[in-house]
Structure formats: structure tokens, C-alpha cells
Amino acid sequence: MKEPRTIVRRALITEKGTTLRELRNQYHFEVARDANKIEIKHAVEAIFSVKVEHVRTMQMRGKVKRQGRYLGKRSDWKKAVVTLQPDQKIELFEQI
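Residues numbered from 1 in each chain as written. Predicted model: local features only at pLDDT ≥ 70, side-chain atom pairs only at ≥ 80, totals over all residues. Heavy atoms only, no water.

1. Some details on unusual backbone geometry
Backbone geometry at N25 places phi at a positive 60°, although glycine is not the residue there. Although it is not a glycine, S49 sits at a positive phi angle of roughly 55°. Examined against the element boundaries, S49 turns out to sit in the loop between α3 (37-48) and β3 (52-60). S49 gets classed as exposed once you look at its relative accessible area, which sits at 63%. (Helix = DSSP H or I, 4+ residues; strand = E, 2+ residues; numbered from the N terminus. Buried < 20%, exposed > 50% of the residue type's maximum accessible area, 1.4 Å probe, protein only.)

Here is the structure:
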């Protein structure tokens, strides 16, 4: 089993994520690209001490950026949308 902090890399705080957190109790995270839904669920439960209802994941493609005449590409990454059970809450997000 992998370490929970290597699976969940960081929390994503966006305007859309804030709206979904208030309306549907959903939280967004950047996760390791090789992590599956079961590993993400166990990692979030271990880190934040909450009960997860279900997890949705999506592959985010890195954007092509240019600096002058040179082209580059940002890295691809994976996003997870974690829905908590109705009575659960992550206190870290409530302070923002």
C-alpha cells in the first residue's frame, strides 16, 4: 500500500470547487497519475479522518505554452472529485 501523502498531492481550491463543496459536499484534489479510485478513497479517509461516499477521477492534459519562439508543454496530471457522506466535512477547506 502506498503512503497516503504520495497519492493525494494537493487540494485544489477554485471557484467551481468552492461552489460544489457548498452544494454537493464535493472536494477536489490533485492525485498521483497511477492512483486508482480505491487508493484515493483510502488516502483521503486516512489524511482527513472522514468517510468518503464515492470518488470520480479525470485525466487533465497539460497545456502547450510558448515563451518567445520556444514551445513547451506542461505535465499531464490527474484530478479527483471526492464526495463525502452528508454529515462529513473537511475542516481545512472551511477556513478559506
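2. Some thoughts on the nonpolar core
Ranked by size, the top nonpolar core spans 18 residues in total, and within it V8, F29, I40, V44, V82 and L84 carry the most contacts. At the level of elements, β2 (26-31), α3, β3 and β6 (77-84) are the ones that each hand at least two residues to this core. (Core = buried A, V, L, I, M, F, W, Y, C linked by side-chain atoms within 4.5 Å.)

3. Side note on α3
Taking 1.5 Å per residue, 12 residues should reach 16 Å; α3 reaches 16 Å between its end C-alpha atoms and fits that length. Residues of α3 that are buried: I40, A43, V44 and I47. All buried residues of α3 project into a common sector of 100° when viewed along the axis, lining one side. If you follow the buried residues of α3, they end up packed against α1 (4-7), β1 (8-11), β2, β3 and β6. Capping the start of α3, N36 holds a side-chain oxygen 3.2 Å from the backbone nitrogen of I38, two or three residues further along. (Expected span 1.5 Å × (residues − 1). Arc of directions from axis to C-beta. Contact = heavy atoms within 4.5 Å. Polar contact = N/O pair within 3.5 Å; in protein donor to acceptor, adjacent residues only side chain to side chain.)

4. A few points about the sheet that holds β6
With respect to topology, 4 strands assemble into an open sheet ordered β1-β2-β6-β3, the strand pairing being antiparallel. On the outer flanks of this sheet lie β1 and β3, each paired with one strand and no other. Across the sheet, the mean angle separating the axes of adjacent strands is 30° when strand polarity is ignored. Of the strand pairs in this sheet, β2 and β6 are connected by 6 bridges, and their pairing is antiparallel. Note on β6: the bridge partner recorded for Q26 is T83. Here helix α2 (residues 15-24) sits on the sheet in contact with β2 and β6, set at roughly 135° to β2. Sheet contacts for α3: β1, β2, β3 and β6; angle to β3, the most-contacted strand, approximately 120°. (Pairing = 2+ DSSP bridges. Axes fitted to C-alpha atoms, helices over the stretch in contact; angles between N-to-C directions.)

5. So, the pattern of salt bridges
Pairing of side chains with opposite charge becomes possible as their charged atoms draw close. As enumerated under the stated definition, the model contains 5 salt bridges in all. Between R61 and D76 there is a salt bridge whose closest N-O contact spans 3.9 Å. Pair noted here: R61 is in the loop between β3 and β4 (64-67) and D76 is in the loop between β5 (70-73) and β6, with a separation of 15 residues, a long-range link. In this structure R61 comes out as exposed when scored by relative accessible area, which is 62%. Overall, D76 belongs to the partly exposed group, its relative accessible area being 22%. (Salt bridge = Lys/Arg side-chain N within 4 Å of Asp/Glu carboxyl O.)

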